[in-house]
Amino acid sequence: MNAAKKIMQRIETLARITDEPGRLTRTFASPAMRRANGLVAKWMRAAGMETRVDAMGNLIGHFEAKSEDGKKPSSILHPSSSPRLLLGSHLDTVRNAGKFDGPLGVMLGIACVGELRRKKTQLPFAIEVVGFADEEGVRYQSAYLGSKVLAGSFDAKELRRKDAAGIALAAAIKIFGGNPEKLKSARLDPKNLLGYLEAHIEQGPVLEGKNLAVGIVTAIAGQTRAHVTFIGHAGHAGTTPMARRQDALCAAAEFILATEKLARKTPGLVATVGQLKAEPGASNVIPGEVKLTLDLRHAKDSIRRSAHLALKKNAFQIAHRRKLKIDGEVVHETAAVACSEKLSGLLALSVRRHQKKVLRLPSGAGHDAAIMAGITPAVMLFIRCKNGISHHPNESAKAEDVRVALGVMSDFILRLAKAHE
Ligand code: GLV
Ligand code: MN
Ligand code: MN
């Protein structure tokens, strides 16, 4: 079977590993994530890698492509200080997810290593393929838990976060088999890193519109995720006159529409209220309290920040006018991150070998590359996706485009090896 077909088949197999029967949902440190790590580790070993799961639950495959002066190649159990190139993406998913968001980058990384081994290619550096444990932030509402640990930017205060079932992050890590006290030691040493290459489905319509299989990411948009709570007064839906109500859901509705309006009139700004919980939640009771999530993104941090301030002011005004209380907190914030120009230039040479046009485009979606860029030059290859659909079960990519991506990545590795010698 050719390598691209094998990747497609593996993506199908992984999509069946889920925490929710009938739809793909695989969140941080869940039973499905454990099974996914086990299976992907098997595929890594079949490609010639040694594997380990770090204290956070990130799966790492290590491939030493060259012995040093005829000596036995070093292994992850006895790591050399030889430089290494990181490839990878995340293995967690959103709720009712598509199959490609995350796993495609991990499968491509493994396939690159498989090709190197098959062709007995000698490289002056090692390759590590990472399956990050959490990028989406579904379970703990804080994205990039996996990459933050590897990049050494994880804040131990996060360990106190609780999931919807009340399980603290520290406990979830322990249950999974990790060690919340050893997260610092999982940090990768930037001295040994040559760079990080992440392949990812585009999750948007640009490449398809230009009839291109792949593109190069210029920058990853910054994001703010916040929680907002409107606190009003629950009451009888049949007897409370309209003028006397303190309906928290009406306030939330007003806020959601104001959010949409601001994003529509601000070029490049995207804003989403993705979760809403009305209490007590009965058709004959006025909603007394509503919790909602806000997700704001822009390639320019200053625009994102002023949009956040404007929306905050707006939320307070709505609450004041409706005589409600309001509470809120920012739960996640990352600045916009530029991809490495040097590595992107190298990647452009590889893309040019496979398609006529080299298209560079920004990413509105968040990626582990945004965090890894804090410790090593990061570069991203986007793969065309059907109708721009993502975070949805219809998410899809073509085997032919995956084949092109694999060719580009393999070529990039060889170019990097040449540049390194
Ligand atoms: C991750 O996919 C995100 O951009 O939210
Ligand atoms: Mn995603
Ligand atoms: Mn993703």
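Residues numbered from 1 in each chain as written. Chains lettered and ligands numbered in written order. Predicted model: local features only at pLDDT ≥ 70, side-chain atom pairs only at ≥ 80, totals over all residues. Heavy atoms only, no water.

What about the overall build of the protein?
Link 1 in the chain: When you go through the protein residue by residue, the secondary structure sums to 11 helices and 16 strands.
Link 2 in the chain: With the C-alpha coordinates aligned to their principal axes, the bounding extent of the protein is approximately 85 × 45 × 40 Å.
Link 3 in the chain: Contacts in the protein between residues at least 24 apart in sequence constitute 77% of all its contacts with a sequence separation of at least 6.
Link 4 in the chain: Looking at the protein as shown, the accessible area adds up to about 19,300 Å², and 53% of this sits on carbon and sulfur atoms.
Link 5 in the chain: Computing the positive centroid from 63 side-chain charges and the negative centroid from 40, the protein places the two 2 Å apart. (Helix = DSSP H or I, 4+ residues; strand = E, 2+ residues; numbered from the N terminus. Contact = heavy atoms within 4.5 Å. Areas by Shrake-Rupley, 256 points an atom, 1.4 Å probe, with all protein chains shown as cover. Lys, Arg positive; Asp, Glu negative; His and termini not counted. Charge placed at Lys NZ, Arg CZ, Asp CG, Glu CD.)

Describing the site of ligand 1
Link 1 in the chain: Lining the immediate environment of ligand 1, one finds Glu 135, Glu 136, Arg 225, Arg 297, Ala 365, Gly 366 and His 391.
Link 2 in the chain: In this structure, an oxygen atom belonging to ligand 1 sits 3.0 Å away from a side-chain N or O atom of Glu 136.
Link 3 in the chain: A distance of 3.3 Å is found between an oxygen atom of ligand 1 and a side-chain nitrogen or oxygen belonging to Arg 225.
Link 4 in the chain: Considered on its own, ligand 1 offers 190 Å² of accessible surface; in the complex 95% of this is hidden by protein.
Link 5 in the chain: Each residue belonging to the shell around ligand 1 can be placed in one class, and the counts come to one nonpolar, two polar and four charged. (Near = heavy atom within 4 Å. Polar contact = N/O pair within 3.5 Å; in protein donor to acceptor, adjacent residues only side chain to side chain. Nonpolar A, V, L, I, M, F, W, Y, C, P; charged D, E, K, R; others polar.)

Describing the packing of helix 3 (residues 103-118) against helix 11 (residues 399-420)
Link 1 in the chain: Their axes nearest at 10 Å, the elements helix 3 and helix 11 cross at an angle of 55°. In terms of axis orientation, helix 3 runs oblique to helix 11. Read as a crossing pair, helix 3 and helix 11 show a hand that is right-handed. Every residue of helix 11 that contacts helix 3 at Leu 104, Leu 108, Gly 109, Ala 111, Cys 112 and Leu 116 is listed here: Val 402, Ala 405, Leu 406, Met 409, Ser 410 and Ile 413.
Link 2 in the chain: By residue class, the composition of the contact of helix 3 with helix 11 is 10 nonpolar, two polar and no charged. (Axes fitted to C-alpha atoms, helices over the stretch in contact; angles between N-to-C directions. Parallel < 35°, antiparallel > 145°, perpendicular 65-115°, else oblique. Left-handed = near helix turned anticlockwise from the far one by under 90°.)

Digging into the domain arrangement of the protein
It is common to give the size of an interface as the accessible area that goes away when the parts come together.
Link 1 in the chain: Per the domain assignment, the segments of the protein are domain 1 (3-221 + 336-420) and domain 2 (222-334).
Link 2 in the chain: On a C-alpha basis, the centroid separation for the pair domain 1 and domain 2 is 34 Å.
Link 3 in the chain: Each partner contributes to the interface: domain 1 provides 15 residues, whereas domain 2 provides 13 residues.
Link 4 in the chain: Its largest share of buried area at the contact with domain 2, domain 1 owes to Gln 141, Ala 221 and Ala 336, together 51% of the area lost on that side.
Link 5 in the chain: If you look at where domain 1 meets domain 2, you find zero salt bridges.
Link 6 in the chain: In terms of residue class, the side of domain 1 that touches domain 2 is made up of seven nonpolar, five polar and three charged. (Domains from an automatic or database assignment. Buried area = accessible area lost by both parts, 1.4 Å probe. Salt bridge = Lys/Arg side-chain N within 4 Å of Asp/Glu carboxyl O.)

Comments concerning the coordination of the manganese ion (ligand 3)
Link 1 in the chain: The coordination sphere of the manganese ion (ligand 3), as far as protein atoms go, consists of His 90 (NE2), Asp 101 (OD) and His 200 (NE2), spread over 2.0 to 2.2 Å.
Link 2 in the chain: In primary-sequence terms, the residues that donate to the manganese ion (ligand 3) follow H-x10-D-x98-H.
Link 3 in the chain: A separation of 3.6 Å is found between the manganese ion (ligand 3) and the manganese ion (ligand 2), both of which receive a donor from Asp 101. Placement of the pair is Asp 101 in the loop between strand 3 (84-90) and helix 3 and His 200 in strand 5 (residues 193-201), with a sequence separation of 99 residues.
Link 4 in the chain: Assessed through its relative accessible area of 4%, Asp 101 is described here as buried. (Donors = N, O, S within 2.8 Å, 3.2 Å for Na, K, Ca; no water. Buried < 20%, exposed > 50% of the residue type's maximum accessible area, 1.4 Å probe, protein only.)

Thoughts on helix 5 (residues 169-176)
Link 1 in the chain: Within helix 5, burial applies to Leu 169, Ala 172, Ile 173 and Phe 176. Here the buried residues of helix 5 occupy an arc of 100° about the axis, which is enough to place them on one side. Exposed and facing more than 90 degrees away from the buried side of helix 5 are Lys 174 and Ile 175.
Link 2 in the chain: At its buried positions, helix 5 is contacted by helix 2 (31-46) and helix 4 (145-151).
Link 3 in the chain: Gly 177 lies just past helix 5 and shows a positive phi near 110°. (Arc of directions from axis to C-beta.)

Quick notes on the coordination of the manganese ion (ligand 2)
Link 1 in the chain: Surrounding the manganese ion (ligand 2) are the protein donor atoms Asp 101 (OD), Glu 136 (OE), Glu 136 (OE) and His 391 (NE2), which sit 2.0 to 2.7 Å from the metal.
Link 2 in the chain: Spacing between the donor residues of the manganese ion (ligand 2) along their common chain follows D-x34-E-x254-H.

Concerning the state of the cysteines
Link 1 in the chain: All told, the structure shown has zero disulfides when counted by the stated rule.
Link 2 in the chain: No disulfide involves Cys 385; its sulfur sits 18 Å from the nearest other cysteine sulfur, which is in Cys 339.
Link 3 in the chain: Taking relative accessible area as the criterion, Cys 385 reaches 1% and is therefore assigned buried. (Disulfide = S-S within 2.5 Å.)

Observations concerning helix 8 (residues 301-321)
Working note: α-helix, 3.6 residues per turn, so residues spaced by three or four point in the same direction.
Link 1 in the chain: The end-to-end C-alpha distance of helix 8, which contains 21 residues, comes to 30 Å, matching closely the 30 Å that a straight helix rising 1.5 Å per residue would cover.
Link 2 in the chain: Turning to helix 8, its buried residues are Asp 301, Arg 304, Ala 307, His 308, Leu 311, Ala 315, Ile 318 and Ala 319. Projected down its long axis, helix 8 shows its buried positions confined to an angular sector of 120°, all on one face. Structural note: helix 8 exposes Leu 309, Lys 313, His 320 and Arg 321 on the side pointing more than 90 degrees away from its buried face.
Link 3 in the chain: Buried residues along helix 8 sit in contact with strand 7 (222-231), helix 7 (248-265), strand 12 (289-298) and strand 13 (325-334). (Expected span 1.5 Å × (residues − 1).)

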